[in-house]
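# An overview of the molecular structure
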Amino acid sequence: QVQLVESGGGLVQPGGPLRLSCTASGSIFSMYIMGWYRQGPGKQRELVATIIGGSAVYADAVKGRFTISRDNANNTVYLQMNNLKPVDTAVYYCKMGSSSSSGYWGQGTQVTVST
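Let us look at the structure shown here.

This model, assessed by the stated rule, comprises 2 aromatic pairs. Ring centres of tyrosine 37 and tryptophan 105 lie 5.0 Å apart, and the angle between their planes is 65 degrees; this geometry places the pair in the edge-to-face category. Linking tyrosine 37 in strand 4 (residues 34-39) with tryptophan 105 in strand 10 (residues 104-105), this pair joins segments that are 68 residues apart in sequence. With centroids separated by 6.3 Å and ring planes inclined at 85 degrees, the aromatic side chains of tyrosine 93 and tryptophan 105 adopt a geometry described as edge-to-face. Of the two residues, tyrosine 93 sits in strand 9 (residues 90-96) while tryptophan 105 sits in strand 10, which places them 12 residues apart along the sequence.

Here the structure, examined in full by the defined rule, presents 4 salt bridges. Note that aspartate 88 is salt-bridged to arginine 38, the shortest N-O span being 2.9 Å. With a gap of 50 residues between them, aspartate 88 in the loop between strand 8 (76-81) and strand 9 and arginine 38 in strand 4 connect regions that are remote in the sequence. For the salt bridge of aspartate 88 with arginine 65, the shortest nitrogen-to-oxygen distance reads 2.7 Å. On the criterion of sequence distance, the pair formed by aspartate 88 in the loop between strand 8 and strand 9 and arginine 65 in the loop between strand 6 (55-58) and strand 7 (66-71) is long-range, its members being 23 residues apart. You can call arginine 65 buried: its relative accessible area is 9%. Look at the salt bridges and you will find they share partners, linking Arg38, Glu46, Arg65 and Asp88 into a network.

Reading guide: rules and limits
- Residues numbered from 1 in each chain as written.
- Predicted model: local features only at pLDDT ≥ 70, side-chain atom pairs only at ≥ 80, totals over all residues.
- Heavy atoms only, no water.
- Phe/Tyr/Trp six-rings, centres within 6.5 Å; stacked < 30°, edge-to-face > 60°.
- Helix = DSSP H or I, 4+ residues; strand = E, 2+ residues; numbered from the N terminus.
- Salt bridge = Lys/Arg side-chain N within 4 Å of Asp/Glu carboxyl O.
- Buried < 20%, exposed > 50% of the residue type's maximum accessible area, 1.4 Å probe, protein only.

Given below as structure tokens:
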């Protein structure tokens, strides 16, 4: 049984940074593509970034501001978010598996960017 637990969300002012973490249990973490997705108010869930091995892919909206990384020894994937904007406000979800698969999801963590 795979479990994903996200942490690190919260309230941050525009322009500020935040780092999200997602720790997985119950699976061979290093073999899977890991991703971060988000769902803003009234919006559909969208891909933010994915990583497998040392290769990362980002949504255009976050390129240059967000960085995804992983620590396979500790079964953890991170999302460093810099220069946050109000439009980044969303529930952020961690996923184990490709974007085209059902995969495994975390419970989500709220990120709110506001003054």
